Amino acid sequence: MARAPQHPDSEVLISWFADQGRDLPWRLRGTPAWHILISEVMLQQTPVARVLPIWLDWTRRWPTPSAMAAASPAEVLRAWGKLGYPRRALRLHECARVLAEQHGDEVPADVDTLLGLPGVGAYTARAIACFAYGQRVPVVDINVRRVIARTVHGQGDPGPASTTRDLADVAAALPVGQRRAAQYSAALMELGALVCTARKPGCDRCPLPECAWRAAGFPTYDGPKRPTQRFEGTDRQARGRLLDVLRDAPGPVDRTLLDLAWTVDPGQRDRALDSLLVDGLIEQTDTGLFALPGELSPG
Ligand code: SF4
């Protein structure tokens, strides 16, 4: 008979986290939910070391949603710096406005209400409910998926994401009790970030010796693969270069400056420029100049 899947031991994992987890400022007790929301949005697709200084700057500048709502989109985009995927900054700005106008300048605690906010998806909504409000909800990112795939299913790679299956998978592993479940989620995520990494898992310093993948002798994963993302030479890189020009300029700029920022492929540059306009990340004046949103000179 097949052995029932064994979930990572909560006692062991939580005590490992208390001992080895990083002292990140957004994890400090009493951190406002708004600051945690900012950290969660920034940490999607950007490493901790790059997020830290920007998060400190943002939470100082905009300690409340209404403070950010009062800033212009151009200010917010400039302060986003080079964190990448700048649509996240615009969505956060929009989210700040909705929180200020419709939620009494507070971040709601309930997952369904959170899901209705601009830029808040399945992961972020549950991360806020769990890390800001200590609720027992599954929080699933790539690190958590990898740890569960290895420890529970004996697979080296979690394969493509499936929200329903992944949430159910992690929900089944959560210990009873709100606070412990929240600590467990943070610990799972940290283990995936620091020890059970994608390329070189540190099994010799892992607190989970009962791991199914390890017990099976680390079989090679041959299931469906997740799409890989490259950056060099992509439209995303071209968009970043064009946006850098506008972020560094004191006001609207001429098209020539943008043309000089990406000379690799003019067709790709045009495409990148169009998509930035469509996404509302830049605007064009009647006279053909380009600027960050909300800072066009009159006339
Ligand atoms: S034993 Fe190795 S593969 Fe298993 S959870 Fe720990 S680090 Fe990951």
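Before reading on, note that the structure itself is shown above.
Residues numbered from 1 in each chain as written. Predicted model: local features only at pLDDT ≥ 70, side-chain atom pairs only at ≥ 80, totals over all residues. Heavy atoms only, no water.

1. Let's talk about the nonpolar core
Part 1 of the reasoning: Counting residues in each nonpolar core, the largest one holds 84 residues, and the members touching the most others are Met-42 and Trp-58.
Part 2 of the reasoning: Considering every element that reaches this core, the biggest residue donor is helix H11 (residues 178–194), with eight residues.
Part 3 of the reasoning: Residues in contact with Met-42, not counting those within four places in the same chain, are Val-51, Ile-54, Trp-55, Trp-58, Trp-80, Leu-83 and Arg-88. (Core = buried A, V, L, I, M, F, W, Y, C linked by side-chain atoms within 4.5 Å. Buried < 20%, exposed > 50% of the residue type's maximum accessible area, 1.4 Å probe, protein only. Helix = DSSP H or I, 4+ residues; strand = E, 2+ residues; numbered from the N terminus. Contact = heavy atoms within 4.5 Å.)

2. Looking at the site of the ligand
Part 1 of the reasoning: In the vicinity of the ligand, the contacting residues are Arg-150, Thr-151, Cys-196, Pro-201, Cys-203, Cys-206, Cys-211, Trp-213 and Arg-214.
Part 2 of the reasoning: Of all the secondary-structure elements, those providing two or more residues to the shell around the ligand are helix H9 (142–151) and helix H12 (212–215).
Part 3 of the reasoning: Looking at the shell around the ligand residue by residue, the class counts come to six nonpolar, one polar and two charged. (Near = heavy atom within 4 Å. Nonpolar A, V, L, I, M, F, W, Y, C, P; charged D, E, K, R; others polar.)

3. Remarks on the packing of aromatic side chains
Part 1 of the reasoning: Applying the stated criterion across every chain, the model contains four aromatic pairs.
Part 2 of the reasoning: Taking 5.3 Å as the distance between ring centres and 75° as the angle between the ring planes, the aromatic pair formed by Trp-26 and Trp-55 counts as edge-to-face. You can see Trp-26 sitting in the loop between helix H1 (10–20) and helix H2 (33–43) and its partner Trp-55 sitting in helix H3 (residues 48–61), a full 29 residues away along the chain.
Part 3 of the reasoning: A centroid spacing of 5.5 Å and a plane angle of 65° characterise the contact between Trp-58 and Trp-80, whose relative ring orientation is edge-to-face. Placement of the pair is Trp-58 in helix H3 and Trp-80 in helix H5 (residues 73–80), with a sequence separation of 22 residues. When sorted by exposure, Trp-58 lands in the same class as Trp-80, which is buried.
Part 4 of the reasoning: Among the aromatic residues, those joined into a cluster by ring pairs are Trp-58, Trp-62 and Trp-80. (Phe/Tyr/Trp six-rings, centres within 6.5 Å; stacked < 30°, edge-to-face > 60°.)

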